[in-house]
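Coordinate analysis (summary)
Single-letter residue listing:
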Amino acid sequence: MHILRRGDRGPAVADVHAALRSLGLLPPGASADGAEQPLDSVEYDDATELAVRHFQQVRGLSVDGRVGEETYRALSEARWSLGDRLLRYDPERPMRGDDVTNLQERLLELGYDAGRADGILGPETETGLRAFQRDYGLTSDGTCGPATLRALRQLGRKVTGGRPQLLRQSASFVESGPHLIGRRIVVDPGHGGADTGFTAGETTEADLVFDLASRIEGRLAAAGATVYLTRGRAQGPELAERTAFANDARADLFISLHMDAHTSEHARGVASYYYGTGSGASSTVGEEFASLVRREVVARTGLLDLGSHPKTWDQLRMTRMPSVRLDCGYLSHPVDRLLLLDARVRSAIAHAVLAAVQRLYLPAEADPPTGTFQLPTHV
């Protein structure tokens, strides 16, 4: 879709205004009132941009004040409240919305495994819903209608002592053992093909992250893991193709690699991102791995630590396994660029990723301090 930004006019802007007003982010009169003005004259003004930025911030999206495909979809999903429509699993076009998130969170609170609360009604949510209906004496049809809603509202919270998805995921990882043999890990070098990313001299971000991904692939494979790359050196698959590839591979982990750039001369450092809304719903193993891998990279390279952050980007949301995006530094910053162009630093980052993956599977009593883990490898 055409990206909407300040200065744009038209029906699409009017639709954005309506969505923002329904969420209480744009009071009537703060911008043009679509009911009184021709749709073609409704303007994307300063108040609209400010409201969009606020929405993006609270939803865990990239905050740029513009409405692209991801932000528009999030605005559409935010309009739905639990009870507004019948909810059922459709494998061809899964239902998405805040009402789905509310349903998932309610089922999780009651102790039913509905997958993570990502707002996408998939097979795990249907299974959890059917189990709830069966236990409560309802027709177990996997459809959330009036009777199911009444039952959900009548019951109090049952699970205590922590987020149930955290308990399930943590227990699953501990029980699976500390070894990497047989683990399926998808490494996603960002950009590729016609999308070269940021260019530093004759070197592109796409080339650098592919080199880094290849180094990570070698180290993880030497440790016994089965590793898949989402693209070759000259390929540039779409985002949906990358997430579908990881899901089809039934991966245990998904690691997306990027290098950042910014117009500010002060922007530098390493950041990691995991699926999360910032208000409780998150991929808990993803959150743990994002912290581990970022701290390992910082300890082994000296790059500035920018922290780990929850995001609802589709790349993290649509993958069905713990997923992390790692931004390894800023090619636009002279110090970071010199480090990232050094093959020895990229090797250190690859070893940091290996160390973080291994630490993710270790029990707490065997987990070594950050920056100290070593695994014999000839790669």
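This structure is a prediction, so every number in the text was calculated from the model and none was measured. (Residues numbered from 1 in each chain as written. Predicted model: local features only at pLDDT ≥ 70, side-chain atom pairs only at ≥ 80, totals over all residues. Heavy atoms only, no water.)

This part covers the overall build of the chain. Scanning the chain from terminus to terminus reveals 13 helices and 8 strands. The buried share of the chain, taken over its 379 residues, is 49%. Put simply, of all contacts in the chain between residues at least 6 apart along the chain, 67% involve residues at least 24 apart. Accessible surface for the chain amounts to roughly 17300 Å². Of this, 51% is attributable to carbon and sulfur atoms. (Helix = DSSP H or I, 4+ residues; strand = E, 2+ residues; numbered from the N terminus. Buried < 20%, exposed > 50% of the residue type's maximum accessible area, 1.4 Å probe, protein only. Contact = heavy atoms within 4.5 Å. Areas by Shrake-Rupley, 256 points an atom, 1.4 Å probe, with all protein chains shown as cover.)

Here we take up the sheet that holds strand 8 (residues 323-330). Pairing between sheet strands relies on hydrogen bonds along the backbone, with the strands arranged either parallel or antiparallel. Taken together, 6 strands build an open sheet; the order of strands is 4-1-5-8-6-7 and the sheet is mixed. One side of each edge strand has no neighbouring strand; the edge strands of this open sheet are strand 4 (226-229) and strand 7 (305-311). Each strand of the sheet is rotated relative to its neighbour by a mean of 20°, with strand direction disregarded. Pairing geometry for strand 1 (residues 184-189) and strand 4, over 4 bridges, is parallel. (Pairing = 2+ DSSP bridges. Axes fitted to C-alpha atoms, helices over the stretch in contact; angles between N-to-C directions.)

Right, let's get into the nonpolar core. Counting 42 residues, the largest nonpolar core has Val187, Leu220, Leu257 and Val357 as its most contacted members. Every element with two or more residues in this core is listed here: strand 1, helix 8 (205-222), strand 4, strand 5 (253-260), strand 6 (270-275), helix 10 (284-301), strand 8 and helix 13 (343-360). With 9 residues, helix 13 is the single largest residue contributor to this core. With sequence-adjacent residues up to four places away left out, Leu220 is seen in contact with Leu180, Ile185, Val187, Ala225, Val227, Leu354 and Val357. (Core = buried A, V, L, I, M, F, W, Y, C linked by side-chain atoms within 4.5 Å.)

Glancing now at the environment of Leu212. Among the structural elements, Leu212 can be located in helix 8. For the pair Leu212 and Leu340, spaced 128 residues apart in sequence, the C-alpha separation works out to 9.7 Å. Apart from residues no more than four positions distant in its own chain, Leu212 is found in contact with Leu257, Cys328, Arg346, Ile349 and Ala350.

Relative to the helices and strands, Ser272 is located in strand 6. For Ser272, a relative accessible area of 0% gives the class buried. Within the structure, the side chain of Ser272 is placed 2.6 Å from the side chain of Ser308, a separation counted as a polar contact. (Polar contact = N/O pair within 3.5 Å; in protein donor to acceptor, adjacent residues only side chain to side chain.)

All right, on to the pattern of salt bridges then. Evaluated as defined, the whole model comprises 27 salt bridges. Notably, a salt bridge pairs Arg53 with Glu49, separated by 3.2 Å at the nearest N-O pair. Taken together, the residues Arg53 and Glu49, both in helix 2 (residues 46-59) and 4 residues apart, mark about one turn of the helix. For Arg53, a relative accessible area of 33% corresponds to the partly exposed category. Overall, the relative accessible area of 13% leaves Glu49 in the buried class. (Salt bridge = Lys/Arg side-chain N within 4 Å of Asp/Glu carboxyl O.)

Positive phi is not limited to glycine here, since His191 has a value of about 65°. Within the secondary structure layout, His191 lies in the loop between strand 1 and strand 2 (199-200). Phi at Arg250 takes a positive value of approximately 50°, unusual for a residue other than glycine. Tracing the sequence through the fold places Arg250 in the loop between helix 9 (239-248) and strand 5. Take Arg250: its relative accessible area is 64%, and that puts it in the exposed class.

With respect to the helices, strands and loops of the structure, Ser332 is situated in the loop between strand 8 and helix 12 (334-340). A polar contact of 2.9 Å, which involves the side chain of Ser332, links it to the backbone nitrogen of His262. What Ser332 contacts, discounting residues up to four positions off in sequence, is Phe198, Asp260, Ala261, His262 and Arg337.

Let us look at the packing of aromatic side chains. Enumeration over the complete set of coordinates arrives at 4 aromatic pairs. A centroid spacing of 4.8 Å and a plane angle of 50° characterise the contact between Tyr273 and Trp313, whose relative ring orientation is tilted. Taken together, the residues Tyr273 in strand 6 and Trp313 in the loop between strand 7 and helix 11 (314-317) connect sequence positions 40 residues apart. Here Tyr273 and Trp313 have matching classes, each one buried. (Phe/Tyr/Trp six-rings, centres within 6.5 Å; stacked < 30°, edge-to-face > 60°.)

Before going further, it helps to spend a moment on the pairing of strand 8. The buried fraction of strand 8 amounts to 8 of the 8 residues, a majority that puts the element mostly inside the structure. Pairing between strand 5 and strand 8: 6 bridges, direction parallel. Residue pairing across strands places His258 opposite Asp327, the latter belonging to strand 8. Two strands pair when backbone bridges link them, and strand 6 and strand 8 are joined in this way by 4 bridges, in the antiparallel orientation. Its bridge partner lying in strand 8, Tyr273 is registered against Arg325.

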